[in-house]
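Fold and geometry: a report
For reference, the chains in residue letters:
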Amino acid sequence: MSTIGQTKRTTPTQIEAMKGTRPIVSLTAYTTPIARLLDPHCDLLLVGDSLGMVLYGMETTVGVTLEMMIAHGQGVMRGAQKACVIVDLPFGSYQESKEQAFRNSARILKETGCNGVKLEGGEEMAETVAFLTSRGVPVFGHVGLMPQKVNTSGGYRSLGRSDEEADKIRRDAKVIAQAGAFALLVEGTVEPLAREITASIDIPTVGIGASPACDGQILVSDDMFGLFSDFKPRFVKHFAELAPTISKAAEAYAEEVKARTFPGPEHTFQVKK
Ligand code: KIV
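Here's what I pulled together on the structure shown here. In this text the structure is predicted, and so the values were computed from the model without any measurement. (Residues numbered from 1 in each chain as written. Predicted model: local features only at pLDDT ≥ 70, side-chain atom pairs only at ≥ 80, totals over all residues. Heavy atoms only, no water.)

What to know about helix α8 (residues 163-178)
To keep it simple, the criterion reads: In this text, helices come from DSSP runs of H or I with a minimum length of four residues, and strands from runs of E with a minimum of two, each type numbered from the N-terminal end. A helix's residues, less one, multiplied by 1.5 Å, set its expected span. Exposed residues in this analysis have more than 50% of their type's maximum accessible area, buried residues have under 20%, and partly exposed residues fall in between, with area computed by a 1.4 Å probe over protein chains only. Within this analysis, the arc is defined by the directions that extend from the helix axis to the C-beta atoms. Contacts: residue pairs with any heavy atoms within 4.5 Å of one another.
In this model, α8 (16 residues) spans 22 Å end to end at C-alpha, consistent with the 22 Å of a helix rising 1.5 Å per residue. Residues of α8 that are buried include every one of Ala166, Ile169, Asp172, Ala173, Ile176 and Ala177, and no others. Down the axis of α8, the buried side of the element spans an arc of 125°, and every buried residue falls inside it. Every exposed residue of α8 that faces more than 90 degrees away from the buried side is listed here: Asp163, Glu164, Lys174 and Gln178. Where the residues of α8 are buried, they touch α6 (126-133), β5 (139-144), β6 (183-187) and α9 (191-200). Following α8 by one or two positions, glycine 180 has its phi on the positive side, about 110°.

Considerations on the packing of aromatic side chains
Quick note on the threshold: Pairing of aromatic side chains here covers Phe, Tyr and the six-membered ring of Trp, requires ring centres within 6.5 Å, and sorts the geometry by plane angle: under 30 degrees stacked, over 60 edge-to-face, intermediate tilted. Two thresholds decide whether a charge sits over a ring: the Lys NZ or Arg CZ must be within 6 Å of the ring centre and within 35 degrees of the ring normal.
One pass over the structure, following the stated rule, counts three aromatic pairs. Sitting over the face of the ring of phenylalanine 131, arginine 135 holds its NZ or CZ atom 3.6 Å from the ring centroid.

A closer look at the packing of α8 against α9
Put simply, the rule is: Axis definition: a line fitted to C-alpha atoms, over the contacting stretch in the case of helices. Angles run 0 to 180 degrees between N-to-C directions. Angle categories are assigned with fixed cut-offs, so that under 35 degrees is roughly parallel, over 145 is roughly antiparallel, 65 to 115 is roughly perpendicular, and the rest are oblique. Left-handed describes a crossing whose near helix is turned anticlockwise from the far helix by less than a right angle; the clockwise case is right-handed.
Closest axis-to-axis distance for the α8/α9 pair is 10 Å, and the angle between their directions is 25°. By the angle between their axes, α8 is roughly parallel relative to α9. Like other packed secondary-structure pairs, α8 and α9 cross with a definite hand, here right-handed. Counting all contacts with α8, which are made through Ala166, Ile169, Arg170 and Ala173, the residues of α9 involved are Leu193, Glu196 and Ile197.

Scope: geometric values only; no functional claims are made or implied.
Quick look at the structure:
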């Protein structure tokens, strides 16, 4: 088989080796066309289970299924050429046992062709992360705010202000790094703690709402495109305002259809004489 002409995809090992070089650029992606647009600019694309909320209008990520993640993972892999593509293990697909986590990770890797999986959890997941990584599954860890635990954690808020909370996140980060994760997503964590964790572990931290002290940054792409203008958390910056642009396009279309000015002659098939 020839590989001539094929672009090389960034591997989890290369992402890990980026620590201390330059910030890792990462965004979520859920579909082929968006992956195609983001890929040239990103080191890592995450098919996040945030897709449940962003694409499907769910209130939390808890309802997302393995089948949804695989379908969107396949879509992103069709659009991305060079970024490292990681697919989230959804709630209920890995917490039961390390064997369940391996079985479902293997399905994701086989059926999407992606580079690895992400899972949420600290000390309670360390054994699972070690089990996966020692069996060939690259793992992107996720500590701090964990959206899959929203029903037991008391909602979405930044963490690490109390000593007890900070200690827990510190321990979580350490054990997940020791268990063999190639990188660690740190979500919703106060800056001094994110800085301390970043300095104390050997793998890169990728922050969302966790300050510029992390080794890289990630945002939910639809958030930074400005597709959700009604609620904007402090850590989100709109790098574009697509919601009003889309709304204006729909309004213009509706007006032209009603006025019969669309479709025009240039959009209409005629029979050649
Ligand atoms: O599912 C997701 O999109 C995430 C974000 C925190 C990046 O994990």
